[in-house]
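Summary of structural features
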Amino acid sequence: MELQANPPFVPELMEAMVKKMERLLEDSQGEMLFIIVVPAWKELPFWKLLSASKWSCGQVFISKAAEHGFCDGAQHQRRPSERYRPSSFDSGLFILLNQMAKKKLSSERLKDILMQFQTSMKGAKGDLNNIQEYEKRVRKLK
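Figured I'd write up the structure that's included with this text. (Residues numbered from 1 in each chain as written. Predicted model: local features only at pLDDT ≥ 70, side-chain atom pairs only at ≥ 80, totals over all residues. Heavy atoms only, no water.)

A short note on the overall build of the protein
- Looking only at helices and strands, the protein features five helices and six strands.
- Relative to its 142 residues, the protein shows a buried fraction of 42%.
- Accessible area of the protein: about 8,400 Å², with a carbon and sulfur share of 52%. (Helix = DSSP H or I, 4+ residues; strand = E, 2+ residues; numbered from the N terminus. Buried < 20%, exposed > 50% of the residue type's maximum accessible area, 1.4 Å probe, protein only. Areas by Shrake-Rupley, 256 points an atom, 1.4 Å probe, with all protein chains shown as cover.)

This is how it looks when you write it as structure tokens:
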């Protein structure tokens, strides 16, 4: 089972998410893998938990805010050309996985998964080049 997580950027919620994922991985009976996107807030507990997790694939990719975007949760209220928005923060990409998934996937394959994810995030910036342009446009629409 492969799952993706991009939680709301609430530190306590992200910390609880990591702890829940670790419990799920501990109790899993089959292959399990999580691809996780979180803000690169390295000083906070959730980041430290992800970085030190025994379930980590051992690689973390960081995408600079100016170099990537994402599909906005309010995309249904925006023009089709504004489905994607620039990121407000640098983002960290992690993979947590159990032993069964590690046996199936080489470290090169895991690195490739992270690189592909990072590449798709770079393509999701939309029509606006940076967060300042995005904020100006959104405020004007209200």
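And the narrative resumes.
Here's the deal with the sheet that holds strand 1 (residues 2-5)
- Taken in spatial order, the four strands of this open sheet run 1-2-6-3, and their pairing is mixed. Of all strands in the sheet, those bounded by a partner on one side alone are strand 1 and strand 3 (61-63). The sheet shows a mean angle of 20 degrees between the axes of neighbouring strands, taken without regard to direction.
- Relative to strand 6 (residues 91-97), strand 2 (residues 33-39) runs antiparallel, the two sharing seven bridges. Bridging from a neighbouring strand, P39 pairs with S91 of strand 6.
- The sheet strands contacting helix 1 (residues 11-27) are strand 1, strand 2 and strand 6, and the helix crosses strand 2 at an angle near 170 degrees.
- Contacts from helix 2 (residues 45-52) reach strand 2, strand 3 and strand 6 within the one sheet, and its direction differs from that of strand 2 by about 145 degrees. (Pairing = 2+ DSSP bridges. Axes fitted to C-alpha atoms, helices over the stretch in contact; angles between N-to-C directions. Contact = heavy atoms within 4.5 Å.)

Topic: the pairing of strand 2
- Most of strand 2 is tucked away, with seven of its seven residues classed as buried.
- Residues of strand 2 alternate between two faces, with L33, I35, V37 and P39 on one and F34, I36 and V38 on the opposite face, all of them buried.
- Examined bridge by bridge, strand 1 and strand 2 share four bridges and lie parallel to one another. By the bridge assignment for strand 2, Q4 is matched with I35.
- Each parallel crossover has a hand, and the one from strand 1 via helix 1 to strand 2 is right-handed. (Right-handed = clockwise from strand over helix to strand, strands pointing away.)

Details of the environment of E22
- Along the chain, E22 falls in helix 1.
- Among the residues examined, E22 registers a relative accessible area of 19% and is labelled buried.
- Spatially, the C-alpha atom of E22 lies 9.0 Å from that of L97, the residues being 75 residues apart in sequence.
- Among residues more than four places away in sequence, those in contact with E22 are L49, S53, K54 and W55.

Some thoughts on the nonpolar core
- The biggest cluster of nonpolar side chains holds 18 residues, and the ones touching the most others in it are I36, V38, L50 and L96.
- Broken down by element, the residue count for this core peaks at five residues, all from helix 1.
- Residues in contact with L96, not counting those within four places in the same chain, are M21, L25, M32, L33, F34, I36, L50, S53, W55 and S56.
- Formed by 14 residues, the second largest nonpolar core is a distinct cluster that contains L33, A101, L105 and L114. (Core = buried A, V, L, I, M, F, W, Y, C linked by side-chain atoms within 4.5 Å.)

Keep in mind these numbers describe shape, not what the thing actually does.
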